[in-house]
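Secondary and tertiary structure notes
In case you want the letters, here they are:
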Amino acid sequence: MYRKIFLDKPFIQITIPMAIGIVFCYYIKFNINFILIGLAVLLSIYIFSLFRNKKTNYILYFLFFVLGIFLMYEKTEKSVIVPYIGREVQVEGVVLELKDTEEYSNIILKGEYIFIDGEKRTIKEKIMLKVYGDLKVDTGYKLVVSGALKQAKRNTNPELFNYKLYLETNDIFTTMNTNDYRVKVLSKGNLSSGEELRKKFKNSVEETFSKYLDVEKSELMMSIMLGDMTYLDENNQIKYRDLGLAHLMAISGLHIGIISAFLMSLFLAVGINRRISYVFTVFLIWFYGYLVGFPPSVLRSLIMCTLLFYSEIINRPYDNVNTLLFAAFILLIYNPLWLFNVGFQLSFSATFSLMIFSKILKDKFYPYRGKFYTSLFGILAVQIGICPVLAYYFNSISVVSILANLLLIPIMSIGVILGFILYLISFISNFLAVIVGSILNFLLSIESIVSNYIHLLPMGTIRVKSPNILEFTLYYFIIFCLFDIIEIKKYAYLIKRAYLYSLAILILAFSILPLYRNQVELRFIDVGQGDSILLQTGSKNFLIDTGGNLFGNFDIGKNILVPYLVKNGIFTLDGVFITHFHEDHVKSLPYLMDNIRVKNLFIGYEREENKLYCESVERARSYHIPIYKINDGDTLRIAKNVYIKVLNPSDEVISLYGDNENNLSLVLLLNSFNYKTLLTGDIENEIEKILVEKSEKIDFLKVPHHGSNTSSCEDFLDSFSPSNAFIMVGNNNFGHPNKDVLNRYEERGIKVFRTDKSGLITLKITPKAYYIDEYIKEKDIFKDIVIKYGLEINMLLLYTILWYIIISIDLQLNEELNKYDLSRFYNRY
């Protein structure tokens, strides 16, 4: 029964290839002519095959795969103003959204005209503005803004939040930073009637809940009703995420289902015909969706709910899985970038899991009936389906999510209904609104007590690494096998053969694996203007500096360093080396120790008058972390054939240059097999000259002091003579890296890698070779992919051909398969 669950679902067969095409186009550079020719050829072959009455499934799959590439290309290349990035322009437009902070205003501007080089061009694009100063504007104001167009910064370390992609999913492809004196207000009240309606709805919801509910409860209800989690403070956001209840804050199927059921019950109670009730309900839920801005999860729910009601009206069967994929098909045609939206992914994976797994669970546990078990199976099904998605984005699995959902969803469902009643009744009677508000306050107080208690349970969440594509695939394959969606027994002969081939491949892989396991990996993490290097060898992990912001309130430890470590499954560090106690090298250490287990802390000097030193040492002692002072001449062996030799500071250096902490930096010479890497902290010319006296040929150099003009003197470079150098640098006001310094490296043929241009840089060292990889690079074009992965592609093709030959020549096996009498072959194979 379950193994045929996908066979008659046409939208599965076209939506999945289209989604794969969208992903391909995001990561691989395609030529539009190649795409159009591919579409034309495949469409012609498909039509020709239809006339010849030939099987067209595979052609259809390729056709929609190329269609996905085309849709993504059109979406990302259609911007009129992207070509002007980096140039000074004037943009005229209307303020759509506005959020003020103490330092600046974040504005989403609906651009109408762009002025550049004296020319005026019509545009219809949104721009994200950051306006510094005291700007007094509101939504609906028409502005003329002057500034340089920019492209939002993407994540520069793998798997971290991609701000550029986030904006693109909301149709924003450019940004601009400017000052309030470069903004001119032209007029007010320029929103369209629909935009004005949305604004009034949002303001009235905020006003109603603020008036009749306590502060914390009003924030919760605003978050639920408007689908905006930012109404909650950070602690509550973390709490609901840990409890597996974040879906309550994003308007989705649960909200639409509750509202629809309430409206249908209301209409039927007053005697309205069922079919007319369906029509009224559909109209009202679409109107609500319009008021909250049609986020992807809402559109998915609305499309499915509408088709469900339509099937009821015309008395036709309703195929929920096919309808789900139809909704995905429509949404991806409208905006293919939504495929990368977290809400889109969670909404569709949760709904799909609910449809498939809950029914199977009910059938497997058929003696257990009733509303409680129906709810339990539904919640369990959803958690099974979305578990890897949550692990990827939030790096945690909630152990208590099933309990939290069982207890709190009924409470919150009533809360949603009461919230709508409160909102509507507030226009009619203040007295009744006070009564409903009091009931809702009481209900939400119970919710708060229950949620807080569950959140305090020990081991409520488990931290996990972000799964990769292979782990995703393996997880769902195992789940599909366990739930009998993939029928293992029927394909036992294939599985046994696959087992034998895979065993041979694994033996080969494990014979090669020691060559790759016996390696040292240095990851130069992009922490902006600062240093943080992850050193990995075998199962050991060390960190050299932690980074830390010099400018503004952006927390490097919280937003970059710790998330990067967690996403890579690093929850324990065998040691942290602090080169010196300046903000850009150590400021994130306390936060790191609060969230990651640190076994040892290594420092080069003590400085009681340094606030950062005192704070770091105090925090380390509070966690009982041993602190070791290491100096010139010390050696630390961290693995076989891998050791660290300390070259600075010495007692003499500490006495001579105690007033310059840069010169007190730990200088570490990492010996990895036959390769040597010099890690220099922020040393300046004085220390470089001392190091020249004990220099030796090295292969890799962490450029001192971010490439400043006080470092990288000629004698130093000539003495150590590295082949490759790494500059850890971000946006700064110090002129790092200095142009003259860069010229010195270029003149000596030293290849320079920079974190401000390449993002995270990975250096892998094995006994016989090394490899350097830059995270940020141009999209690969298709031919580059073929060249880069030619060996893997050829091996896959060869493996497929051999598999096909083996299966084809086994005629007896195929005859048995056609008869579905495999018993003899189970014994044979």
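Scroll up for the structure.
Residues numbered from 1 in each chain as written. Predicted model: local features only at pLDDT ≥ 70, side-chain atom pairs only at ≥ 80, totals over all residues. Heavy atoms only, no water.

Notes on the nonpolar core
To be explicit about the condition: In these notes, a set of buried Ala, Val, Leu, Ile, Met, Phe, Trp, Tyr and Cys residues joined through side-chain atoms within 4.5 Å is what counts as a nonpolar core. We call a residue buried when its accessible area falls under 20% of the maximum for its residue type, exposed when it is over 50%, and partly exposed in between, using a 1.4 Å probe and counting protein chains only. Put simply, DSSP H or I for four residues or longer makes a helix, DSSP E for two residues or longer makes a strand, and each gets a number counted from the N terminus. Only heavy atoms matter for contacts: two residues are in contact if any of them lie within 4.5 Å across the pair.
Membership of the largest hydrophobic core comes to 55 residues, with the highest contact counts inside it found for Phe 340, Phe 344, Ile 356, Phe 357 and Phe 483. If you list the elements that add at least two residues to this core, you get α1 (10–27), α2 (32–51), α3 (57–77), α10 (296–314), α11 (320–334), α12 (342–364), α13 (371–394) and α16 (469–482). Per-element accounting of this core gives the leading share, 10 residues, to α3. Beyond its immediate stretch of four places on either side in the chain, Phe 340 contacts Ile 22, Val 23, Tyr 26, Met 72, Leu 165, Gln 345 and Tyr 393.

Here's the deal with the pattern of salt bridges
What counts here: Any Lys or Arg side-chain nitrogen found within 4 Å of a carboxyl oxygen on Asp or Glu counts as a salt bridge.
Using the criterion set out here, one finds 23 salt bridges in the structure. Measuring nitrogen to oxygen at the nearest pair gives 3.4 Å for the salt bridge that ties Glu 112 to Lys 142. With Glu 112 in strand β3 (residues 104–116) and Lys 142 in strand β5 (residues 142–150), this residue pair connects regions lying 30 residues apart in the sequence. A residue is classified by how much of its surface remains accessible, and Glu 112, at 21% relative accessible area, is partly exposed. Here Lys 142 falls in the buried class, since its relative accessible area comes to 18%. When the shortest N-O distance is used, the salt bridge between Asp 773 and Lys 777 registers 3.0 Å. Overall, the relative accessible area of 25% leaves Asp 773 in the partly exposed class. Taken together, the shared-partner salt bridges in this structure form one network comprising Glu 714, Asp 718, Glu 747 and Arg 748.

Considerations on the sheet that holds strand β22 (residues 700–702)
Heads up, the condition is: When DSSP finds two or more bridges between two strands, those strands count as paired. For helices, the axis comes from a line fit to the C-alpha atoms of the stretch in contact; other axes are also lines fit to C-alpha atoms, and the angle between any two N-to-C directions lies between 0 and 180 degrees.
Taken together, 7 strands build an open sheet; the order of strands is β18-β19-β20-β21-β22-β23-β24 and the sheet is mixed. Strands at the two margins of the open sheet, each flanked by one partner only, are β18 (635–639) and β24 (751–754). Between one strand axis and the next, the sheet turns through 20° on average, direction left out of account. With 3 bridges joining them, β22 and strand β23 (residues 724–727) adopt parallel strand pairing.

Considering empty space enclosed by the protein
For the record, the criterion: Two kinds of site are reported from a 1 Å grid over the protein atoms alone, namely cavities, where a 1.4 Å probe fits but cannot get out, and pockets, open sets with protein on both sides within 12 Å along at least five of seven lines, and residues are called lining when an atom falls within 4 Å of a point. Grid points are joined across faces, edges and corners, and a volume is the space filled by probe spheres set on the points. As a working rule, the residues Ala, Val, Leu, Ile, Met, Phe, Trp, Tyr, Cys and Pro are called nonpolar, Asp, Glu, Lys and Arg charged, and the rest polar, with Gly in that last group.
Taken as a whole and assessed by the stated rule, the structure comprises 3 cavities of 30 Å³ or more. Empty space within the largest cavity amounts to approximately 50 Å³. Forming the walls of the largest cavity are Arg 241, Asp 242, Gly 244, Leu 390, Phe 394, Ser 396, Ile 397 and Ser 398. For the lining of the largest cavity, the secondary-structure elements that each account for two or more residues are α7 (234–242), α13 and β8 (396–398). It is β8 that contributes the most residues to the lining of the largest cavity, 3 residues altogether. The class makeup of the residues in the lining of the largest cavity is 3 nonpolar, 3 polar and 2 charged.

Points about the pairing of β5
For β5, the buried fraction is high: 7 of the 9 residues fall into the buried class. Bridging between strand β2 (residues 88–100) and β5 involves 7 bridges; their strand directions are antiparallel. Note that in β5 the partner of Gly 93 across the bridge is Leu 143. As judged from the 4 bridges shared by β5 and strand β7 (residues 183–187), these two strands associate in the antiparallel manner. By the bridge assignment for β7, Lys 142 is matched with Ser 187.

Topic: the sheet that holds strand β16 (residues 601–603)
Read across the open sheet, the 8 strands follow the order β17-β16-β14-β12-β11-β10-β25-β26; overall the sheet is mixed. Of all the strands in the sheet, just β17 (627–629) and β26 (770–774) have a single pairing partner and so form its edges. Pairwise comparison of adjacent strand axes, ignoring direction, gives a mean angle of 15° for this sheet.

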